[in-house]
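# Per-entry structural report
Read off the chains here:
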Amino acid sequence: MTDTGPVSETGTVEGQWTAFHQWGPYGLLAVGTVVAAAASDLIGTTADQWYLAGALIVAAVGLQLLWSRAARTRPGPTPTSVCLYFARCAIAFVLAWLNPLFGFYAYSGYFGVDRLLPPRLLKPGLFLTAVTIAGSQSGGMPPGDAAGWVLFGAILAVNVVLLVVFARLAETEAARGRARVETIAELERTNTALQQALDENAALHTQLLVQAREAGVADERRRLAAEIHDTLAQGLTGIIAQLQVVAATEDADLGRDHLDRALALARHSLGEARRSVHNLAPAALAEDGLPDALKKTVTEWGERTGVETGFTVTGTAEHLHDEVAATLLRIAQEALSNTARHAAAGRAGVTLSYMGDEVTLDIRDDGRGFDPPAARKRTGTGGFGLDGMRARAERIAGSLTVEAEPGHGTAVSARVPLVRHDR
């Protein structure tokens, strides 16, 4: 429900002034006529003067009726309104000359003058009204002697001063009224603009929610894809490698040992798959911190691949946030998996370094290496590889660099912020 209080109030005041300007002259004329008639004998008004006054009263009523009709179609100062005003001044002057108590009617010249006269005629019109009123207040026109003229001049001066004062006050009030109107208009424009902004913000908020939902779905898909690659794909690769050894050997004990390893890998991969679906930390971090989890991962990888491995921790170990620890472990697993598949390395080493507000993970091997600029991008049959490791590091405001050269091995370095575990 819209609040229309100020508008209604303004309309009511404007209507009251309009009614006063329309009916006020009739009331003042009636008061002047009644008072003049009551004091007729005291003033000494003759019958001929009353005949003339009656004709002027009828003329005044006719002029006012004429203007009431004209004002409906042509409001504001017009030639018709100017003629009406000065004709009314002339009638009031003659009536006050006949009987000074008719001066009540002259006061109508003070009201609505800005609606009847243009700015250049305002002062002359008001001065004529002041002359008529001063003559009425001084005892009638013309003054009978020098003292009467002095009294008339003094009263006229007072009326003129009052006119100037009230004119200034009226101008000030009019300026305030215009300022209020402009302020209200500006507030309405501001409210309209604010409402438009709120509507736009609501639409933008809805759009952002949709985009956030879509981004969340896409991010969850990428996470699951990376987790599947880092767990199921690597686990299946290890199982295949163990079964290939079983298929190629005639030693029953060796075959059984590799079958046990394949079974353990299958169980481990199943557990990792369940954890990935539920967005849990890797199994290796369920009970151990990152250094111990990396050490076990490197040791088990070396045993499966037959590659000589080493693991080193530098700096003071910190209990890292789960997301940071999981990211570094997954990067290590992916880098070691790439080494096993592509490097044909004889040795590999992993170093975890705590350095102030950063943690660095380095994975090195002495394999065949490669040319990084010419490295293949991920395809439908390939893995996430370097792009996946880099995306994992960047997801937690980290970075990943690769140094490699054909025939001289590969070094992968992940650098991430050191964010401690929430306690």
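Everything below is about the structure printed above this text.
From a predicted model like this one, the values you see are computed outputs, not experimental measurements.

### Quick word on the overall build of the chain
In terms of helices and strands, the chain carries twelve helices and five strands. For the chain, buried positions account for 34% of its 423 residues. The long-range share in the chain, meaning contacts at least 24 apart out of those at least 6 apart in sequence, stands at 69%. Per element, the accessible surface of the chain, about 25,200 Å² overall, is 60% carbon and sulfur.

### Structural notes on the pairing of strand β2 (residues 347–355)
For β2, the buried fraction is high: seven of the nine residues fall into the buried class. Here strand β1 (residues 308–314) runs beside β2; their pairing, made up of seven bridges, is parallel. Bridging across to β2, E308 finds its partner in R347. A crossover links β1 with its parallel partner β2, the connecting element being helix α11 (residues 322–343), and its sense is left-handed. Across eight bridges, the pairing between β2 and strand β3 (residues 358–365) is antiparallel. Residue M355 lies in a different strand from β3, and its bridge partner there is E358.

### Quick notes on empty space enclosed by the protein
Applying the stated criterion across every chain yields a total of two cavities of 30 Å³ or more. Estimates place the volume of the largest cavity at around 50 Å³. As for the largest cavity, its lining consists of Y85, R88, C89, A92, Y105, A106, S108, G109, T129 and T132. Taken together, the elements giving at least two residues each to the lining of the largest cavity come down to α4 (79–98), α5 (103–106) and α7 (119–137). Of the residues forming the lining of the largest cavity, the biggest block, four residues, is contributed by α4. Tallied by class, the residues present in the lining of the largest cavity amount to five nonpolar, four polar and one charged.

### As for the side chain of T339
Relative to the helices and strands, T339 resides in helix α11. The class for T339 is buried, based on a relative accessible area of 7%. Those residues within four positions of T339 in sequence are excluded, and the remaining contacts are W301, A344, A345 and D365.

### Digging into helix α12 (residues 385–395)
Within the span of α12, buried status applies to G385, G388, M389, R392 and A393. Taken around the axis of α12, the buried residues stretch over an arc of 135°, which confines them to a single face. Taken from the residues just after α12, A397 is the one with a positive phi, measuring 65°.

### Brief notes about the environment of T33
Topologically, T33 is positioned in helix α1 (residues 5–38). The exposure class assigned to T33 is partly exposed, which follows from its relative accessible area of 22%. Counting along the chain gives 66 residues from T33 to N99, while the straight-line C-alpha distance between them is 9.5 Å.

### Digging into the sheet that holds β3
The sheet built from five strands is open, its strands ordered β1-β2-β3-β5-β4 with mixed pairing. What marks the edges here is a single partner per strand, and that holds for β1 and β4 (399–404). Adjacent strand axes in the sheet meet at a mean angle of 10°, parallel and antiparallel pairs treated alike. α11 rests against β2, β3, β4 and β5 (410–417) of the sheet, and its axis sits at about 10° to β3.

### Thoughts on the packing of aromatic side chains
Within this structure, the stated rule accounts for four aromatic pairs. Between Y85 and F86 the ring centres are 5.6 Å apart and the planes differ by 90°, which places this aromatic pair in the edge-to-face class. Classification of Y85 as buried rests on a relative accessible area of 0%. For F86, a relative accessible area of 26% gives the class partly exposed.

### Remarks on the pattern of salt bridges
By the definition in use, this model includes five salt bridges. Across the salt bridge formed by R420 and E318, the nearest N and O atoms sit 3.4 Å from each other. Placement of the pair is R420 in the segment after β5 and E318 in the loop between β1 and α11, with a sequence separation of 102 residues. Residue class for E318 comes out partly exposed when judged on its relative accessible area of 28%. Between R341 and E334 there is a salt bridge, and its shortest N-O distance comes to 3.8 Å. R341 sits in the partly exposed class, given a relative accessible area of 37%. When its relative accessible area of 2% is taken as the criterion, E334 is described as buried.

### Thoughts on the packing of α4 against α7
Packing of α4 against α7 leaves a shortest axis separation of 9 Å and a crossing angle of 15°. Between α4 and α7, the angle falls in the class roughly parallel. As α4 runs across α7, the sense of the crossing is left-handed. Of the residues in α7, those in contact with V82, Y85, F86, C89, A92, F93 and A96 of α4 are L121, G125, L126, L128, T129, V131 and T132. Considered class by class, the residues forming the contact of α4 with α7 number eleven nonpolar, three polar and no charged.

Each value, and the rule that gives it
Residues numbered from 1 in each chain as written. Predicted model: local features only at pLDDT ≥ 70, side-chain atom pairs only at ≥ 80, totals over all residues. Heavy atoms only, no water. Helix = DSSP H or I, 4+ residues; strand = E, 2+ residues; numbered from the N terminus. Buried < 20%, exposed > 50% of the residue type's maximum accessible area, 1.4 Å probe, protein only. Contact = heavy atoms within 4.5 Å. Areas by Shrake-Rupley, 256 points an atom, 1.4 Å probe, with all protein chains shown as cover. Pairing = 2+ DSSP bridges. Right-handed = clockwise from strand over helix to strand, strands pointing away. 1 Å grid on protein atoms, 1.4 Å probe; cavity = no way out; pocket = protein on both sides within 12 Å on 5 of 7 lines; lining within 4 Å. Points joined across faces, edges and corners; volume = space filled by probe spheres on them. Nonpolar A, V, L, I, M, F, W, Y, C, P; charged D, E, K, R; others polar. Arc of directions from axis to C-beta. Axes fitted to C-alpha atoms, helices over the stretch in contact; angles between N-to-C directions. Phe/Tyr/Trp six-rings, centres within 6.5 Å; stacked < 30°, edge-to-face > 60°. Salt bridge = Lys/Arg side-chain N within 4 Å of Asp/Glu carboxyl O. Parallel < 35°, antiparallel > 145°, perpendicular 65-115°, else oblique. Left-handed = near helix turned anticlockwise from the far one by under 90°.

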